[in-house]
Amino acid sequence: MDQGKATVRVKEPAHDLIVSQADVIQLKSFLHALKLGLQNKDIGQVKLSTLRPASSAQVEKQKTRLVVTSRRDYPLTTSFPYSLESLKISTCTLRKVDGRISSLKHLTVLDLSENQLRDLPDDLAKLQHLAELHLQNNVVEKFPASLCIAYSRSLRLLDMNNNMLSCLPPQFCELTELVNLKLDNNQLASLPKNFGNLINLR
């Protein structure tokens, strides 16, 4: 904030308000007034200057794509932008899926390849619009039934090459929108009974 920068996260509707190049004093006054307003307190005594409308060049576009390929660049102290549609976190030696990912409601592409993931949390089922899921080169042992149900109408690509899958749940056959499926180099001895329901596979 001392540099004239701040991010205000709105929960409903999910949106990030990013402020940059602001007058520090006015920014602090604005945030103070915002805090009082959220507490249902009187903000009449807070002095704010008249704001000039921002030009189109000054308005930062929402970020829709983020790529992280090293632990050094991993956002530990900052949040993932709610506006993300594509997120790639690769070669970061992740052992578990970051819980913040499940709140990214606009995600259509999630790439967590080249990590050390063993389990996939049920919370990922909240990503109702996911069309591509890249999980190759991990150590995932099972694909949760909850994700099969959640992604039944959206998932078109699933890459799980080079994992530790030993079986697939019966619900896997509900992923009827799948076009590309990659399961090479796992420990699968058989496929679910109704695997033939995946009629769109190429």
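Residues numbered from 1 in each chain as written. Predicted model: local features only at pLDDT ≥ 70, side-chain atom pairs only at ≥ 80, totals over all residues. Heavy atoms only, no water.

What about the overall build of the protein chain?
- Looking only at helices and strands, one finds 2 helices and 8 strands in the protein chain.
- Ordered by position in the sequence, the α and β elements of the protein chain form the string β-β-α-β-β-β-β-α-β-β.
- Going through the 202 residues of the protein chain one by one, you find that 39% of them count as buried.
- Of the accessible surface of the protein chain, which amounts to about 13000 Å², a share of 50% is contributed by carbon and sulfur atoms. (Helix = DSSP H or I, 4+ residues; strand = E, 2+ residues; numbered from the N terminus. Buried < 20%, exposed > 50% of the residue type's maximum accessible area, 1.4 Å probe, protein only. Areas by Shrake-Rupley, 256 points an atom, 1.4 Å probe, with all protein chains shown as cover.)

A word on the pattern of salt bridges
- Per the counting criterion, the structure on display carries 4 salt bridges.
- With a shortest N-O distance of 3.9 Å, R72 and D73 are connected by a salt bridge.
- Note that E177 and R156 form a salt bridge whose closest N and O atoms lie 3.9 Å from each other. Of the two residues, E177 sits in the loop between β7 (157-159) and β8 (180-182) while R156 sits in the loop between α2 (145-150) and β7, which places them 21 residues apart along the sequence.
- Overall, R156 belongs to the partly exposed group, its relative accessible area being 45%. (Salt bridge = Lys/Arg side-chain N within 4 Å of Asp/Glu carboxyl O.)

Looking at the sheet that holds strand β5 (residues 109-111)
- Taken in spatial order, the 6 strands of this open sheet run β3-β4-β5-β6-β7-β8, and their pairing is parallel. Each edge of the open sheet is held by one strand with a lone partner, namely β3 (65-68) and β8. Between one strand axis and the next, the sheet turns by 5° as a mean value, whatever way the strands run.
- Both strand β4 (residues 86-89) and β5 contribute to a ladder of 3 bridges, which runs parallel. Pairing of K88 across the sheet is with D111, part of β5. (Pairing = 2+ DSSP bridges. Axes fitted to C-alpha atoms, helices over the stretch in contact; angles between N-to-C directions.)

Side note on the nonpolar core
- In terms of nonpolar packing, the biggest core is built from 43 residues, with L87, I89, I101, L110, F143, Y151 and F172 touching the most fellow members.
- When contributions to this core are tallied by element, the ones reaching two or more residues are β3, β4 and α2.
- Here this core gets 3 residues from one element, more than from any other, and that element is α2.
- Apart from the residues lying within four places of it in its own chain, the contact partners of F172 are F143, C148, L158, L178, L181, P192, F195 and L198. (Core = buried A, V, L, I, M, F, W, Y, C linked by side-chain atoms within 4.5 Å. Contact = heavy atoms within 4.5 Å.)

Things to note about the side chain of D111
- With respect to the secondary-structure elements, D111 resides in strand β5.
- No salt bridge forms around the buried D111; measuring N to O, its nearest opposite-charge neighbour K88 is 4.2 Å away.
- Side chain to side chain, D111 and S113 meet in a polar contact 2.6 Å long.
- If we skip the residues at most four places from it in the chain, D111 touches L87, K88, I89 and H134. (Lys, Arg positive; Asp, Glu negative; His and termini not counted. Polar contact = N/O pair within 3.5 Å; in protein donor to acceptor, adjacent residues only side chain to side chain.)

A look at the state of the cysteines
- Going through the model one piece at a time under the given rule, you end up with 0 disulfides.
- Free of any disulfide, C173 has its nearest cysteine sulfur in C148, 8.5 Å distant.
- The buried category is assigned to C173, whose relative accessible area is 6%. (Disulfide = S-S within 2.5 Å.)

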